[in-house]
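# Observations on the model geometry
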Amino acid sequence: MTLTVDTLTSWMNNFANKIEENAQHLSDLDTPIGDGDHGFNMSRGMKAVKEKLATKPVDVTSAFKTIAMALISTVGGASGPLYGTAFLEMAKKSTTTNDLGELLDAALAGIEKRGGAKPGDKTMVDVWAKLVPDVKNGTLTEDKIHEAVVATKDMVAKKGRASYLGERSKEHVDPGSESSGYLFEAMLETEGL
Ligand code: ADP
Ligand code: MG
Ligand code: MG
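Below or above, wherever it landed, is the structure these notes cover.

Scoring rules and cut-offs
Residues numbered from 1 in each chain as written. Chains lettered and ligands numbered in written order. Predicted model: local features only at pLDDT ≥ 70, side-chain atom pairs only at ≥ 80, totals over all residues. Helix = DSSP H or I, 4+ residues; strand = E, 2+ residues; numbered from the N terminus. Rg over C-alpha atoms; globule rule 2.2 N^0.38 Å. Buried ≥ 20, exposed ≤ 12 C-beta atoms within 10 Å, placed from the backbone. Contact = placed C-beta atoms within 7 Å. Near = placed C-beta within 6 Å. Nonpolar A, V, L, I, M, F, W, Y, C, P; charged D, E, K, R; others polar. Expected span 1.5 Å × (residues − 1). Axes fitted to C-alpha atoms, helices over the stretch in contact; angles between N-to-C directions. Parallel < 35°, antiparallel > 145°, perpendicular 65-115°, else oblique. Left-handed = near helix turned anticlockwise from the far one by under 90°.

## Some thoughts on the overall build of the protein
From N to C terminus, the protein includes 9 helices and 0 strands. Ordering the α and β elements of the protein from the N terminus gives α-α-α-α-α-α-α-α-α. Relative to the 2.2 N^0.38 estimate, which gives 16 Å for 193 residues, the radius of gyration of the protein is 15 Å and therefore close to what a compact globule would have. Out of the 193 residues belonging to the protein, those deemed buried represent 47%. For the protein, contacts bridging at least 24 residues in sequence account for 62% of all contacts bridging at least 6.

What follows is the structure in structure tokens.
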């Protein structure tokens, strides 16, 4: 699937709406295994993204850069630089291709490099690593997204704040995985993607 400024913008607006609707839920997930701010961090960031994209970017690369900068400067916490890196890597990749699967591959590689987390560490990487191949194969579904998010419940956190809890981080869904799930859901629901 090839991304355009219009499909990217509606994808981001859909994501922003999901984040806003579920901000409290995301922060609630972050309360037992973190510091209870993930939903507030993300909703501040996506509000800024929505505002910036209201002025139509000239091309996909500048749209990705705008999104990345808005997230890096407003989200904060661990998730800000990680989501920011994902979009910055997509900006770079978009100078050679606008294929969604390839862009997401670059984003995932950026998140892994920046945060040092691997699949199984109970971070957003778990959702991205599982779902990017589905996007590339055209086999992404709501059920797969849900499964990937819920799978983090049984994991022991190895990175981020939740890792301070060791075994006690089990039995809780990772908040960054939930918000990443919304990003993939928003993509599924975007017409033309
Ligand atoms: P903070 O923990 O600084 O308050 P947030 O609450 O906004 O930041 O984000 C927490 C989320 O960030 C976690 O649920 C996890 O998915 C993600 N995360 C934290 N550290 C890493 C890391 N090293 N690599 C990938 N994702 C991470
Ligand atoms: Mg937090
Ligand atoms: Mg925090």
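## Digging into the site of ligand 1
Near ligand 1 lie 24 residues; those nearest to it are G77, G115, T123, G160 and G176. Where the shell around ligand 1 is concerned, the elements lending two or more residues are α3 (38-53), α5 (79-93), α6 (100-115), α7 (124-137) and α9 (175-188). For the shell around ligand 1, the element with the highest residue contribution is α9, accounting for 3 residues. Here the shell around ligand 1 is built from residues that sort into 7 nonpolar, 11 polar and 6 charged.

## Observations concerning the environment of A48
Inspection of the secondary structure puts A48 in helix α3. Taking the C-alpha atoms as reference points, A48 and G36, separated by 12 residues in sequence, lie 21 Å from one another. The residues touching A48, leaving out its near neighbours within four places in the chain, are A70 and T74.

## Things to note about α3
End to end, α3 covers 22 Å across 16 residues, agreeing with the expected 22 Å (1.5 Å per residue, within 8%). Looking only at α3, the buried set comprises H38, G39, N41, M42, S43, G45, M46, V49 and L53.

## Some words on the environment of K170
Mapping K170 onto the fold places it in the loop between α8 (142-150) and α9. Its 15 C-beta neighbours within 10 Å are what place K170 among the partly exposed residues. Distance in space between the C-alpha atoms of K170 and M155 is 5.7 Å, their sequence separation being 15 residues. Ignoring any residue separated from it by four or fewer positions in sequence, one finds K170 in contact with D154 and V156.

## Concerning unusual backbone geometry
The phi dihedral of K122 falls on the positive side, at around 60 degrees, and the residue is not glycine. Along the chain, K122 falls in the loop between α6 and α7.

## Looking at the packing of α6 against α7
Axis separation between α6 and α7 bottoms out at 9 Å; the angle between their running directions is 160 degrees. In this view, α6 runs roughly antiparallel relative to α7, as classed from their interaxial angle. In the packing of α6 onto α7, the handedness of the crossing is left-handed. For the pair α6 and α7, contact is made by L100, G101, L104, D105, L108, I111 and E112 and by M124, V125, W128, A129, V132, V135 and K136, respectively.

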